[in-house]
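Understanding the architecture of this molecule
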Amino acid sequence: MSGLHIPLGTPDGSRTTHAENLLAPNPSPMTLDGTNTWIIGDRETVVIDPGPDDERHLRRVAAHLGERRVTQILLTHGHHDHSGGARRFAELVGAPVRALDPRHRLGEEGLGEGDVVTAGGVEIHVYGTPGHSFDSLCFWLPADRAILTGDTVLGRGTTVIASDGGDLGDYLRTLDRLRGVAESLEAEALLPGHGPVLPDPIGALDGYIAHRRERLDQIRAARRQGARTPREVVEIVYADVDRALWPAAEMSVRAQLDYLERL
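Residues numbered from 1 in each chain as written. Predicted model: local features only at pLDDT ≥ 70, side-chain atom pairs only at ≥ 80, totals over all residues. Heavy atoms only, no water.

Confidence in the prediction of the protein, expressed as mean pLDDT, is 93, and 96% of residues score 70 or more. For residues 1-10, every residue scores under 50 in pLDDT, and the model assigns this stretch 20 contacts once sequence neighbours within four places are set aside. (pLDDT = per-residue confidence, 0-100. Contact = heavy atoms within 4.5 Å.)

Moving on, we come to the side chain of His-82. Counting through the fold element by element, His-82 comes out in helix H2 (residues 80-83). A distance of 3.4 Å separates polar atoms of two side chains, one belonging to His-82 and the other to Asp-81. In this structure the side chain of His-82 is engaged in a polar contact, spanning 3.0 Å, whose partner is the side chain of Asp-151. Among residues more than four places away in sequence, those in contact with His-82 are Thr-35, Asp-49, Pro-50, Gly-51, Leu-75, Thr-76, His-77, Asp-151, Gly-193 and His-194. (Helix = DSSP H or I, 4+ residues; strand = E, 2+ residues; numbered from the N terminus. Polar contact = N/O pair within 3.5 Å; in protein donor to acceptor, adjacent residues only side chain to side chain.)

In this section: the packing of aromatic side chains. What the rule picks out here adds up to 0 aromatic pairs. The aromatic ring of Tyr-238 is capped on one face by Arg-215, whose charged end is 4.2 Å from the ring centroid. (Phe/Tyr/Trp six-rings, centres within 6.5 Å; stacked < 30°, edge-to-face > 60°. Lys NZ or Arg CZ within 6 Å of the ring centre and 35° of its normal.)

What follows is about helix H7 (residues 246-262). Taking 1.5 Å as the rise per residue, H7 with 17 residues should run 24 Å; its terminal C-alpha atoms sit 24 Å apart, in good agreement. Looking at H7, one finds that the buried residues are Trp-246, Ala-248, Ala-249, Glu-250, Ser-252, Val-253, Ala-255, Gln-256, Leu-257, Tyr-259 and Leu-260. As for H7, its buried residues are in contact with helix H4 (168-184), helix H5 (201-224) and helix H6 (230-237). (Expected span 1.5 Å × (residues − 1). Buried < 20%, exposed > 50% of the residue type's maximum accessible area, 1.4 Å probe, protein only.)

Further remarks concern the environment of Ala-99. In this fold, Ala-99 is placed in the loop between strand E5 (97-98) and strand E6 (116-119). Here the alpha-carbon distance between Ala-99 and Asp-135, two residues 36 residues apart in the chain, equals 8.2 Å. With near-sequence residues (within four places) excluded, Ala-99 lies in contact with Leu-75, His-104, Arg-105, Gly-110 and Leu-111.

Another point: unusual backbone geometry. Positive phi outside glycine occurs at Asp-49, with the angle close to 60°. Exposure remark for Asp-49: the relative accessible area of 1% places this residue in the buried category. We note that Arg-145 has phi near 50°; this positive angle belongs to a residue other than glycine. Locating Arg-145 in the fold gives a position in the loop between strand E8 (137-141) and strand E9 (146-150). Since its relative accessible area comes to 26%, Arg-145 is described here as partly exposed.

Next comes the structure, spelled out in structure tokens:
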């Protein structure tokens, strides 16, 4: 047993035994309640996704750490709502930034598939999980039987395939892989980059996989009805979705059309 404590309600302060979330104040239709900044470890810590370049949030995280020493800052991927504050946070706590994409690193070490990072004796195993973005990573925290998923799996809703390097084919393969990883490792929670902790990893991943397959079927049907452009597909497939979300839906449809054209 890992001793998970998963409170209901606001994600701010959500935690497992060794991971705690501080919520960045950047809510939006794309970021849900805001970006989850995860702190791993006790006396020595690793901070995952410092969030946007928001001085108040970064200082709040640094103050919350108190006397604890940050040894490394890890990024699940390079989108601004996760990485924008990384350089400034590194200045505040005196720690390097590690990421798959060299453009977001601060220091000599990168980060990628198979790496193992230690935070005060707690191991963090790195998995390459492209799809939402080309540089997306997920982190397995065996001490808590939890997977930190970044934007690959959200606490609610679904993930947009980013136009700047995202790929639906990669994303579908990543979901299948994560599902197998969660089952084989007997994961007990997913700790997402946005939204609340998910205490049923298999159920969440099965739901994501089924939703993606269903959307592809809906897009195929829309094309049979004569829809050709991403906007025309959105008007049919996402007719019941808030129009404020249609630009994000159009981005996803574009990725799905690209995927279908390659089959």
